[in-house]
Amino acid sequence: MLKQVYLHVAIDDADSHMGGCTTYVTYRLLKDIIREFSEIEIADLPLLVRLNPYVPFKTRGNAATKLILRTCENAVDKLREFIISKVEQYAERRGKASPGIAFLISNSLQVPDGLRRLYYKAVTDVVTFDIVKKICDRYNIETIGGRGIIGAVAALGADFSNDSTYELLIYGDPQIKKSLEVNYELVKLLHELSRPFTFLDVDPEDCTVLLMPAGPDPVIFGIRGESPLHILTFASVLLTALGLDVEGWLLYRTNQGTEIHVEHAAWRPRTYRPVRKIVHIEHCYRTEERHVETTCGDLNLWCYRHLGTMCTEIERDLGAVLDVWGGAKLQDGKYYIYIEGIRKVADRQVRLENPRCPRCGRRLVSSGRDLMKCEKCGLVLPKEKIVHPIVESEHTFSIPKFSEHRHLMKSFERVGVEGLANVLNISVLWIV
Ligand code: ATP
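About the cut-offs
- Residues numbered from 1 in each chain as written.
- Predicted model: local features only at pLDDT ≥ 70, side-chain atom pairs only at ≥ 80, totals over all residues.
- Heavy atoms only, no water.
- Domains from an automatic or database assignment.
- Contact = heavy atoms within 4.5 Å.
- Buried area = accessible area lost by both parts, 1.4 Å probe.
- Salt bridge = Lys/Arg side-chain N within 4 Å of Asp/Glu carboxyl O.
- Polar contact = N/O pair within 3.5 Å; in protein donor to acceptor, adjacent residues only side chain to side chain.
- Nonpolar A, V, L, I, M, F, W, Y, C, P; charged D, E, K, R; others polar.
- Helix = DSSP H or I, 4+ residues; strand = E, 2+ residues; numbered from the N terminus.
- Buried < 20%, exposed > 50% of the residue type's maximum accessible area, 1.4 Å probe, protein only.
- Pairing = 2+ DSSP bridges.
- Axes fitted to C-alpha atoms, helices over the stretch in contact; angles between N-to-C directions.
- Parallel < 35°, antiparallel > 145°, perpendicular 65-115°, else oblique.
- Left-handed = near helix turned anticlockwise from the far one by under 90°.

> Honestly, the domain arrangement of the protein in this entry has me stumped. Any pointers?
In many analyses, interface size is given as the accessible surface area lost on bringing the parts together. Domain parsing of the protein yields domain 1 (4-156), domain 2 (165-258 + 410-422) and domain 3 (261-404). One C-alpha centre belongs to domain 2, the other to domain 3; they are set 37 Å apart. Contacts between domain 2 and domain 3 engage 12 residues on the former and six residues on the latter. Together, the buried faces of domain 2 and domain 3 total about 770 Å²; carbon and sulfur atoms form 65% of this surface. The largest contributions to the domain 2 side of the interface with domain 3 come from Asp 203, Glu 205 and Phe 412, which together make up 49% of the buried area. Linking domain 2 to domain 3 there are one salt bridge. Of the charged contacts, one joins Asp 206 and Lys 401 as a salt bridge, the two residues approaching to 3.1 Å between their closest N and O atoms. Taken together, the links from domain 2 to domain 3 amount to three residue pairs in polar contact (both at pLDDT 80 or more). Here the residues of the side of domain 2 that touches domain 3 sort into five nonpolar, two polar and five charged.

Take a look at the structure:
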């Protein structure tokens, strides 16, 4: 019998601000593979891999894709050639697009540890071509193309073993989005029916629909969740209710909503990296544009006003100790953290007050090191202060409102269902 091997393939940077989408190139490629190579087994759902959200080269959400195909060893070359020609045909050529493809031939579904480490680095740091080249030499990875090679090789190493989610991307003519009106109540109802197995479909604060991304790309809807069954049912009902004619869909397994970039974030700020730090809020003020800027030693924190109530909460945290995370940037010789989320660790700054005299009600005054005295009636008591936190806010955890969530941020809706997607991956109709 002919030896079977796994061909791990990853693609990145096949889109530009003017149109296209790396996920759509992958969708068309997969449909062609299914049509042309009947003997090939698609060994896992395609992966949609979000990398460092703070790299400056990204178009939108810094996404790469990965496929694992199983085929006989002597068919690999033909398959590789086919993939290269199709990506070339479908990738955007306008604007900043610089497509890259990476191939790893292996006897296993798993990838080497060194490649996995590159994935974690690419989620939390800026990766250079040199590092990628070293990894490719060590593991015999073939690459073709431009800057996209960095994201593609990193995506080959994607490790979703701890937590993952799904996103069903529904494709069609981008023109549809211009006139399409999606009823908020309908999407909210579908969300209620599929909760907690779908997330970020609507923003209840603004009463807006979140599953329809704006932009010139062919993604009409993106439905995110933990369970393929719930997502596919949601999509079928939505499309039927809207009477919409679309090109098709593809279900991706993703690292979206897993907060992987924060979990592995550095504590020392460096430009274009996610960072997580414990800070003491010393000063805080609103800029003219209503954003909130705070300082803590030689570090500045910045919270954009459109992130919602987070701004007011940070203002109330003057004096508190916070666990903050976000993206770092060096500006005018100082590091700024652009806040994504905060968790209050402690109300640290307090106001101390002497108690009143239990006999006559006059405020007691200090009398020596350990005593307090009433100047009216002469009562002397052991010293005991009343402690007032300067700010008595109750929140302990705060993240942006739903409509301001970036791809890797974890929404409240996912709390408690982490890891579920890793066991609910049996799916039919994952590509249409
Ligand atoms: P879309 O979300 O619409 O697919 P995008 O935001 O993913 O677009 P890309 O077109 O994929 O943007 O471009 C991202 C570019 O940044 C790619 O060339 C990729 O190789 C590179 N890149 C991604 N992550 C890193 C990283 N951590 N360090 C250096 N380069 C990176």
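That was the structure; now back to the text.
> So what exactly am I meant to see when it comes to the side chain of Arg 414 here?
Following the sequence through the fold, Arg 414 ends up in the segment after strand E24 (397-398). If we skip the residues at most four places from it in the chain, Arg 414 touches Asp 163, Ser 164, Thr 165, Phe 199, Glu 226, Gly 257, Thr 258 and Gly 419.

> Looking at this structure, how should I read the pattern of salt bridges?
Oppositely charged side chains can form a pair if their charged atoms are brought close together. For the structure shown, the criterion picks out 20 salt bridges. In this structure, the salt-bridge partner of Arg 116 is Asp 113, at a minimum N-O distance of 2.5 Å. Here Arg 116 and its partner Asp 113 are both found in helix H3 (residues 113-124), three residues apart, which amounts to about one turn of the helix. For Asp 113, a relative accessible area of 45% corresponds to the partly exposed category.

> Would you take a moment to explain the sheet that holds strand E21 (residues 371-373) for this structure?
Ordered in space as E20-E21-E22, the three strands form an open sheet in which the pairing is antiparallel. Of all the strands in the sheet, the pair left with one neighbour each is strand E20 (365-367) and strand E22 (380-382). Going from strand to strand, the sheet's axes swing by 40° on average, the running direction of each strand aside.

> Sorry, what's going on with the packing of H3 against helix H5 (residues 148-156) here?
The axes of two packed helices give the description: the angle between them and the distance between them. Viewed as axis vectors pointing N to C, H3 and H5 meet at an angle of 125°, and their least axial separation amounts to 7 Å. Classified by the angle between their axes, H3 and H5 sit oblique to one another. Crossing of H3 against H5: the hand is left-handed. The segment H3 lies against H5, with Leu 115, Leu 118, Tyr 119 and Ala 122 engaging Val 153, Ala 154 and Leu 156. The residue inventory of the contact of H3 with H5, partitioned by class, reads seven nonpolar, no polar and no charged.

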